[in-house]
Amino acid sequence: MAATIGDVARVAGVSRSTVSYALSGKRAISEETRTRIQAAIDELGFTPNAGARALATAQTNVLGLYLQFQEDEFAPAMLQYVLPVSTTAREHGYDLLMVTDADRVNAVRRTTSSAMIDGVVLLDVTYDDSRLEPLREAPQPAVLIGYARNGEGFDSYDLDFGEAARIVVDHLADLGHRDVVLITPPRHVYERGGSYAWRFRDAAVERAARYGIRLVAHEGDSRQPGITDSLDAALAASPHATALMVHNDATIAALPAYLDKRGMRVPDDLSVVGVFSQEFGQAFSLPYTATETSPDRLGQEAVRQLIRRIHSPEEAGEPRVRFIEPELVDRGSTRPVA
């Protein structure tokens with residue numbers, strides 16, 4: 001029969017609770033006691049779970065993934081970042097502890113102050129992210145998927161949303177478009193500090209002005225009927241628009257059905273350009289030209305860098321922000337203006 005925690009306690013000459021504390025790291029255990037417990041684990045062949053690994057190596061082989069699913073957000077957009085983080089961690093021998101506590105600051109303090117994790121992956125990063133302060137006090141390294149202005153000292157990975165906007169506007173300008181509608185993320189994204197929203201919007205507006213393009217930005221929604229209402233209002237306000245830019249996952253996912261209901265053909269009646277990943281486009285059967293958001297690449301590179309920082313800080317180098325260069329994938333949903 002497999003050895004139990006009671007067997008380890010008996011051989012080590014300590015209580016079950018002492019073994020438990022040693023495995024979990026919840027209380028300080030003397031080095032002599034830790035050595036006896038580890039010797040008992042080795043003798044009995046006690047199943048090497050995360051706690052046993054932590055005792056033997058001071059590592060758990062667990063990464064903490066911190067995120068929060070908001071009721072007013074489009075969940076598939078967040079999930080496309082979770083999968084590559086999980087897959088890459090598993091490929092490197094790490095499990096994930098997903099932390100979704102609404103009390104974001106205390107969740108960081110609670111999990112990093114114990115021996116539960118070796119490193120932190122931070123998702124849904126905001127411009128002034130309150131989680132970074134407790135992370136600076138944590139013994140574990142952390143990586144951000146997203147950009148925060150107070151992110152000094154952390155590795156950060158994000159798409160260059162400003163450049164993504166410029167690429168889209170350049171593409172439409174080359175085709176002769178001079179009246180363009182932009183659907184942005186919902187208001188709550190701006191209010192919570194999602195910098196990707198205004199980085200894209202502001203760059204698009206600035207680039208359009210250089211070309212003399214009339215570009216009108218409208219905040220979209222993440223739920224129906226708000227998605228339809230915002231599209232109706234945006235197109236009604238720009239009746240002569242020849243192109244639609246969509247930087248809103250929920251809106252672009254609903255767009256084929258919306259345009260079909262209105263009897264609008266793409267690109268004959270309206271050119272359309274989106275901002276989404278190839279996988280997202282396949283999931284929602286989106287036939288639109290788009291700048292690739294690269295969630296797979298972001299997740300993979302972020303986790304690999306975090307693991308380098310855990311095992312070899314010198315190889316990881318100085319923490320810095322890394323912006324992924326966007327790429328325009330032409331799927332034929334735009335055409336020249338006659």
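Our structure's up above, just so we're on the same page.
Along each chain, residue indices are assigned from 1 in the same order as the chain's sequence is written. Side-chain atom pairs in this predicted model are given and counted only at pLDDT of 80 or more, local residue features only at pLDDT of at least 70, and totals for whole chains, interfaces and linings cover all residues. As a convention, hydrogens and water are excluded, and side-chain values are obtained from all of the structure's heavy atoms.

**A short note on the pattern of salt bridges**
One side-chain nitrogen of Lys or Arg within 4 Å of one carboxyl oxygen of Asp or Glu is enough to make a salt bridge. Applying the stated rule across the entire model yields 24 salt bridges. With its nearest N and O atoms 2.9 Å apart, the salt bridge here joins Arg 131 to Asp 129. With a relative accessible area of 2%, Asp 129 lands in the buried category. The buried label applies to any residue whose accessible area, calculated with a 1.4 Å probe on protein chains only, is under 20% of its type's maximum; exposed applies above 50%, and partly exposed to all values in between.

**Focus on a nonpolar patch on the surface**
Like-charged residues are merged into a patch within 9 Å and nonpolar side chains (Val, Leu, Ile, Met, Phe, Trp, Tyr) within 5 Å, provided each residue has over 30% relative accessible area and no salt bridge. Under the convention used here, a 1.4 Å probe and the Shrake-Rupley method define accessible areas, while residue burial counts only the protein chains that appear. A cluster of nonpolar side chains, Phe 69, Leu 79 and Met 98, forms an exposed patch at the surface whose accessible area comes to about 270 Å². Starting at the N terminus, helices and strands are each numbered in turn, a helix being any DSSP run of H or I of at least four residues and a strand any DSSP run of E of at least two. Note on placement: Met 98 falls in strand β2 (residues 95-99). According to the relative accessible area criterion, Met 98 is partly exposed, its value standing at 40%.

**Let's talk about the nonpolar core**
In this description, a nonpolar core means a group of buried Ala, Val, Leu, Ile, Met, Phe, Trp, Tyr and Cys residues linked to one another through side-chain atoms lying within 4.5 Å. Residues Val 121, Leu 123, Ile 145, Phe 200, Leu 215 and Met 245 are the most contacted members of the largest nonpolar core, which totals 41 residues. Ranked by residue count, the leading element in this core is helix α8 (residues 161-174), at 7 residues. Once residues within four sequence positions are removed from consideration, Leu 123 is found in contact with Leu 65, Tyr 66, Leu 67, Met 78, Tyr 81, Val 82, Arg 131 and Ile 145. Grouped together as the second largest cluster of nonpolar side chains are 23 residues, Ile 183, Leu 244, Ala 254 and Tyr 258 included. In what follows, a contact means two residues having at least one pair of non-hydrogen atoms within 4.5 Å.

**Section: the packing of aromatic side chains**
Two descriptors summarise a pair of aromatic rings, namely the distance from one centre to the other and the angle between the planes of the rings. For Phe, Tyr and Trp, where Trp contributes only its six-membered ring, two rings pair if their centres lie within 6.5 Å, and the inter-plane angle classes them as stacked under 30 degrees, edge-to-face over 60, or tilted in between. One pass over the full model with this rule turns up 8 aromatic pairs. Considering the side-chain rings of Phe 74 and Phe 284, the 5.9 Å spacing of their centres and the 40 degrees angle between planes classify their relative orientation as tilted. Of this pair, Phe 74 sits in the loop between β1 (62-66) and α5 (75-91) while Phe 284 sits in the loop between α13 (278-283) and β10 (289-291), and the two are 210 residues apart along the sequence. Centre to centre, the rings of Tyr 127 and Trp 198 are 5.3 Å apart; their planes meet at 90 degrees, and the pair counts as edge-to-face. On the criterion of sequence distance, the pair formed by Tyr 127 in the loop between β3 (119-122) and α7 (132-137) and Trp 198 in helix α10 (residues 195-211) is long-range, its members being 71 residues apart. Residue class for Tyr 127 comes out partly exposed when judged on its relative accessible area of 24%. Of the aromatic side chains, those joined through ring pairs into one cluster are Phe 74, Phe 276, Phe 280 and Phe 284.

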